[in-house]
Amino acid sequence: MSAFSIAFALTAVVGALLAWILHRRRVVVAADEIAATLPWFGIVGVAVAVGRTAPSSSLSAGFLKSPTVYLAVGSLVTGLWLVLDTAGVDDTSRWTVHSGVLVAIGAASGTLLAAEAIQMHVLAWNVVAVVLAVAVTGLVLQTVPDTRWSTHGWLGTGVLFAHVLDATTTGVGLERLGATERNPVSATIIQLGDGIGPSGVVLFLLVKVMVASFVLTVLDTDPDRAGRDTVTFLVVAAAAGLVPAVHNLTLFALTVR
């Protein structure tokens, strides 16, 4: 049995056991708790990038491969909820989001500190990608006449920012750091853009913005409070941009010389 299979089996068993305990304790996972899991997907991005640089035959690398890493992070969140329930903590969502941010920062910082050598120009371009994502997100929020941005609150903004960040990190990687695009769909869009304009990255960015806008436009919800299904869909949509974006930033720092 391969290291990946062993890691997946162990993680699946642990995750299922924790989910069963959560159900037996009748812990209610509401929309707020689901929304609060978004920062934890940043940890997935860091882990996948580290997994790509680790020896593929090691058991530890098996835990960092998709989909095992999603199960592992999901198990951590479930375990956190069980601890909070046992301790009688009421504001579960606040603890979930704050711990997710802290763990993501800690994972990224620990990864960079453990790296053999980090090139400052790579970190500088990573900062440029993040600043560009913030600027483009702000520009879209100010110029696009779409009431869905405000309707979905910070989670709607998170969906937009995550996909824009994916585009800006991809652009920096391709145009300045010599990276290649591994996702076939993204690569096709970028190649198409290269054929009709000066840079396919611009088309990729526009497509990302349109995808985020489409998701938030067609997703009807109560302006006062979104339901659990709606919030789950928004978190998944945001994660689809956040995971590859954080993966890009981490992988550039670890591999580009």
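Residues numbered from 1 in each chain as written. Predicted model: local features only at pLDDT ≥ 70, side-chain atom pairs only at ≥ 80, totals over all residues. Heavy atoms only, no water.

## Section: the overall build of the protein
Here is the rule: Each helix is a run of H or I in the DSSP string that is no shorter than four residues. Each strand is a run of E no shorter than two, and both are numbered from the N terminus. It is over C-alpha atoms that the radius of gyration is taken, and the globule rule equals 2.2 Å times the number of residues to the power 0.38. Throughout this description, buried means an accessible area under 20% of the type-specific maximum (1.4 Å probe, protein chains only), exposed means over 50%, and partly exposed covers the range between. Residue contacts follow a heavy-atom distance rule, with two residues in contact if any of their heavy atoms lie within 4.5 Å. Per-residue accessibility takes into account occlusion by the displayed protein chains alone, with areas from the Shrake-Rupley method and a 1.4 Å probe. Counting rule applied: Lys, Arg positive; Asp, Glu negative; His and chain ends not counted. The atom standing in for a charge is NZ when the residue is Lys, CZ when it is Arg, CG when it is Asp and CD when it is Glu.
Of the regular secondary structure elements, the protein holds 12 helices and 0 strands. For the protein, the succession of helices and strands along the chain, N to C, is α-α-α-α-α-α-α-α-α-α-α-α. Here the protein has a C-alpha radius of gyration of 19 Å; the compact-globule value for 257 residues is 18 Å, and the two agree. Each principal axis of the C-alpha distribution contributes one length, and for the protein these read about 60 × 50 × 30 Å. In the protein, which comprises 257 residues, the share counted as buried stands at 44%. Here the contacts in the protein between residues at least 6 apart in sequence split such that 79% fall between residues at least 24 apart. Only carbon and sulfur atoms are counted for the fraction: they give 67% of the accessible area of the protein, which is about 13,400 Å². Each charge class in the protein was averaged separately, 13 positive and 15 negative side chains, and the resulting centres sit 9 Å apart.

## Quick look at the pattern of salt bridges
Between side chains of opposite charge, a pair can form as their charged atoms come close. The condition is simple: Every case where a carboxyl oxygen of Asp or Glu lies within 4 Å of a side-chain nitrogen of Lys or Arg is listed as a salt bridge.
For the coordinates displayed, the defined rule picks out 3 salt bridges. When the shortest N-O distance is used, the salt bridge between Lys-208 and Asp-166 registers 2.7 Å. Placement of Lys-208 in helix H11 (residues 200-218) and of Asp-166 in helix H9 (residues 153-176) is noted, with a sequence separation of 42 residues between them. Like Lys-208, the residue Asp-166 is buried in the burial classification.

## Regarding the confidence of the model for the protein
Rules: The predictor reports its confidence for every residue as pLDDT, a score running from 0 up to 100.
Confidence in the prediction of the protein, expressed as mean pLDDT, is 88, and 92% of residues score 70 or more. Mean pLDDT in the protein bottoms out at helix H8 (residues 148-151), which sits at 58, and peaks at helix H5 (residues 68-86), which reaches 95.

## Brief notes about a nonpolar patch on the surface
Using the following cut-off: Like charges are joined within 9 Å and nonpolar side chains (Val, Leu, Ile, Met, Phe, Trp, Tyr) within 5 Å, but only among residues with over 30% relative accessible area and no salt bridge; these make up the patches.
Taken together, the side chains of Phe-4, Phe-8 and Leu-71 make up a nonpolar region of the molecular surface, amounting to roughly 220 Å² of accessible area. Structurally, the position occupied by Phe-8 is in helix H1 (residues 3-24).

## Here we look at the packing of helix H10 (residues 184-196) against H11
Quick reminder of the rule: For every element, the axis is a line fit to its C-alpha atoms; helices are fit only across the contacting stretch, and the angle between N-to-C directions ranges from 0 to 180 degrees. Note on terminology: angles under 35 degrees are roughly parallel, angles over 145 are roughly antiparallel, angles of 65 to 115 are roughly perpendicular, and the others are oblique. Each crossing gets its hand from how the near helix is turned against the far one by less than a right angle, where anticlockwise is left-handed and clockwise is right-handed. When residues are sorted by character, Ala, Val, Leu, Ile, Met, Phe, Trp, Tyr, Cys and Pro go into the nonpolar class, Asp, Glu, Lys and Arg into the charged class, and all the rest, Gly among them, into the polar class.
Their axes nearest at 6 Å, the elements H10 and H11 cross at an angle of 125°. In terms of orientation, H10 lies oblique with respect to H11. For H10 against H11, the interelement crossing comes out right-handed. Across from Ser-186, Ile-189, Ile-190, Leu-192, Gly-193, Asp-194 and Ile-196 in H10, the residues of H11 making contact are Gly-200, Val-201, Leu-203, Phe-204 and Val-207. Broken down by class, the residue content of the contact of H10 with H11 amounts to 8 nonpolar, 3 polar and 1 charged.

## Considering H1
What counts here: Expected helix span is computed as 1.5 Å times (number of residues minus one).
The end-to-end C-alpha distance of H1, which contains 22 residues, comes to 32 Å, matching closely the 32 Å that a straight helix rising 1.5 Å per residue would cover. The first or second residue beyond H1 is Arg-26, which carries a positive phi of 55°.

## Quick word on the side chain of Thr-168
Threshold: Pairing of N or O atoms within 3.5 Å defines a polar contact, subject to two protein rules: one partner must be a possible hydrogen donor and the other a possible acceptor, and residues neighboring in sequence count only if both atoms are side-chain atoms.
Here Thr-168 is to be found in helix H9. Residue Thr-168 is classed as buried on the basis of its relative accessible area of 9%. Side-chain polar atoms of Thr-168 contact the backbone oxygen of Leu-165, separated by 3.1 Å. Look past the residues within four positions of Thr-168 in its chain and what remains in contact with it is Ala-129, Leu-132 and Ala-133.

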